[in-house]
Amino acid sequence: MLSSRPYLARALYEWLLDNDHTPYIVVDAEREGVQVPGQFVQNGQIVLNISPSAVRDLLMSNESITFSARFSGQPMQVIVPSEALIALYARENGVGMVFGHEPVMPGYEPLSSGAPEADQEPERPSLEGIDGNSASGDGDEPDASDAKKEGARKGRPSLRVIK
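Residues numbered from 1 in each chain as written. Predicted model: local features only at pLDDT ≥ 70, side-chain atom pairs only at ≥ 80, totals over all residues. Heavy atoms only, no water.

Here the focus is the sheet that holds strand 7 (residues 96-98). Pairing in this open sheet of 4 strands is antiparallel, and the strands run 2-1-6-7 from one edge to the other. Strand pairing shows two members of the sheet lacking a second neighbour, strand 2 (45-49) and strand 7, which therefore form its edges. The mean inter-strand angle of the sheet, taken between neighbouring strand axes irrespective of direction, is 20°. Bridge count between strand 1 (residues 23-28) and strand 2: 5 bridges; the pairing is antiparallel. (Pairing = 2+ DSSP bridges. Helix = DSSP H or I, 4+ residues; strand = E, 2+ residues; numbered from the N terminus. Axes fitted to C-alpha atoms, helices over the stretch in contact; angles between N-to-C directions.)

What follows concerns the pattern of salt bridges. Taken as a whole and assessed by the stated rule, the structure comprises 2 salt bridges. Ionic pairing is found between Glu92 and Arg91, a salt bridge with its closest N-O pair at 3.6 Å. (Salt bridge = Lys/Arg side-chain N within 4 Å of Asp/Glu carboxyl O.)

Looking at the protein as a whole, the pLDDT averages 79, with 63% of positions reaching at least 70. Low pLDDT, under 50, characterises residues 112-118; the predicted model gives this stretch 0 contacts beyond four residues in sequence or across chains. Ignoring residues within four places in sequence, the model shows residues 132-153, a span with pLDDT below 50, making 10 contacts including any to other chains. (pLDDT = per-residue confidence, 0-100. Contact = heavy atoms within 4.5 Å.)

Once that is clear, we can look at the pairing of strand 5 (residues 74-81). For strand 4 (residues 64-71) and strand 5, the ladder comprises 8 bridges, and the chain directions are antiparallel. In the strand pairing of strand 5, Ala69 is matched with Met76. Hairpin remark: strand 4 followed by strand 5, antiparallel, with 2 residues in the connecting loop; positive phi at Ser72, about 55°.

Looking now at unusual backbone geometry. In most cases, non-glycine residues show a negative phi, while peptide bonds are predominantly trans. The phi angle at Asp20 is positive, at roughly 55°, despite the residue not being glycine. Following the sequence through the fold, Asp20 ends up in the loop between helix 1 (5-18) and strand 1. Accessibility expressed as a relative area gives 69% for Asp20, which makes it exposed. Despite not being glycine, Asn43 shows a phi value in the positive range, around 55°. Considering the arrangement of structural elements, one finds Asn43 in the loop between strand 1 and strand 2. (Buried < 20%, exposed > 50% of the residue type's maximum accessible area, 1.4 Å probe, protein only.)

As structure tokens, this is what we get:
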């Protein structure tokens, strides 16, 4: 299956515009393929106004968000791969969505990659129980499974309001 992130981002963008709000995106500027003005990156992230009045030629495809904009008077082509999109929200009230880490969907092959290398074995999915124990029945001690449970809770994506 394809990633849901670009579909949700497009829907949120339209929804914010329909409600007369200014859409902003938060981008992981350290991801591969990101092309943003480096002088405005803080803590590895950048916040960009993507309203129609701030950008030109906005294209929100499944692979990336691209547009032209001016930064300190200098024109620049901005490229944000979908995986680098952290959040999309309204400037006025912070309503929007934070995108968590999205697992690779079974059967998904990125469009940008070529043919798989012949000597590379594809990674096979593993089955884990709700308590975090592996289905292989390794017999972890209770303390180890408790630590796994806590790690699983911390890594779960959640929604929050950005203000």
